[in-house]
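# Breakdown of the fold
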Amino acid sequence: MVGTEECNPIGIDLGTTYSCVAVWHHDHIEIIVNDQGYTTTPPQIAFTDIDSLVGEAASYQAMKSPINSIFDSKRLIVITVPVYFNDSQRQATKDAGITAGLNVKKHSQGTNCFSHCLWP
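Conventions and cut-offs
- Residues numbered from 1 in each chain as written.
- Predicted model: local features only at pLDDT ≥ 70, side-chain atom pairs only at ≥ 80, totals over all residues.
- Heavy atoms only, no water.
- Salt bridge = Lys/Arg side-chain N within 4 Å of Asp/Glu carboxyl O.
- Helix = DSSP H or I, 4+ residues; strand = E, 2+ residues; numbered from the N terminus.
- Buried < 20%, exposed > 50% of the residue type's maximum accessible area, 1.4 Å probe, protein only.
- Polar contact = N/O pair within 3.5 Å; in protein donor to acceptor, adjacent residues only side chain to side chain.
- Expected span 1.5 Å × (residues − 1).
- pLDDT = per-residue confidence, 0-100.
- Contact = heavy atoms within 4.5 Å.
- Pairing = 2+ DSSP bridges.

This part is about the pattern of salt bridges. Under the counting rule described, the total for this entry stands at 1 salt bridge. Across the pair Arg90 and Asp87 runs a salt bridge, and its minimum N-O distance is 2.3 Å. Of the two residues, Arg90 and Asp87 are both situated in helix H2 (residues 87–99); the distance of 3 residues between them amounts to about one turn of the helix. Classification of Arg90 by relative accessible area gives buried; the value is 16%. Since its relative accessible area comes to 58%, Asp87 is described here as exposed.

Written out as C-alpha cells, the structure is:
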C-alpha cells in the first residue's frame, strides 16, 4: 500500500558528456557509483560479438573497435525543450535552430533530470 513504505526519490542527470544518479536517503543526498566505482558515467555504448557495454567499459572498447561504438549520442538530438514550454516557445526554439543552420526535423520535450519513488 502506498504511503506505508519508505519512498527514496532519485534524481538522474542525463548530461551530454557524463550522467549521474543520486538518491535522497537518510535525510541527505547520496551519489550512486557505477560498476567501475565512479560517480559519473559517460554516455557511451559499445558492442562486441557476445556482449554490449556501457559507460567506462564502452569507452575502453571504443578505442579497440570504434566502428562498433556509439558515443556522444546526446549530441545527435537536434533540439530538446523543457516540458513547461508553450507552443510559442517551442516554435521559437525550432526557428532558432533553423536560423543557426541546424537541420531541425523534430523537437521533443524533456528535462535533464527527473525524480521517481522507489519501494524496496
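What follows deals with the side chain of Ser69. Inspection of the secondary structure puts Ser69 in strand E6 (residues 69–70). Taking relative accessible area as the criterion, Ser69 reaches 12% and is therefore assigned buried. Here the side chain of Ser69 touches Ser65 through a polar contact of 3.0 Å, landing on its backbone oxygen.

We now examine unusual backbone geometry. Although it is not a glycine, His26 sits at a positive phi angle of roughly 55°. With respect to the helices, strands and loops of the structure, His26 is situated in the loop between strand E2 (19–25) and strand E3 (28–32). The exposure class assigned to His26 is exposed, which follows from its relative accessible area of 60%. Phi at Asp27 is positive, roughly 65°, even though this residue is not glycine. Following the sequence through the fold, Asp27 ends up in the loop between E2 and E3.

With respect to the helices, strands and loops of the structure, Asp72 is situated in the loop between E6 and strand E7 (79–81). For Asp72, a relative accessible area of 31% translates into the label partly exposed. Sequence separation between Asp72 and Thr17 is 55 residues; the distance between their C-alpha atoms is 6.9 Å.

Counted at 1.5 Å a residue, the expected span for H2 with its 13 residues is 18 Å, and the 18 Å between its end C-alpha atoms agrees. The backbone nitrogen of Ser88 lies 3.0 Å from a side-chain oxygen of the residue at the head of H2, namely Asn86. Where H2 ends, the next residue or the one after it, Gly101, has phi of about 90°, a positive value.

Let us look at the confidence of the model for the protein chain. For the protein chain, the mean per-residue pLDDT works out to 76, and 76% of the residues sit at or above 70. Confidence, read as mean pLDDT per element, is least for strand E9 (residues 115–118) in the protein chain (39) and greatest for E3 (90). Low pLDDT, under 50, characterises residues 111–120; the predicted model gives this stretch 24 contacts beyond four residues in sequence or across chains.

The pairing of E2 with E3 spans 5 bridges and is antiparallel. In the strand pairing of E3, Trp24 is matched with Ile29. Taking the residues between adjacent antiparallel strands as the criterion, E2 and E3 are bridged by 2 residues, where His26 takes a positive phi near 55°.

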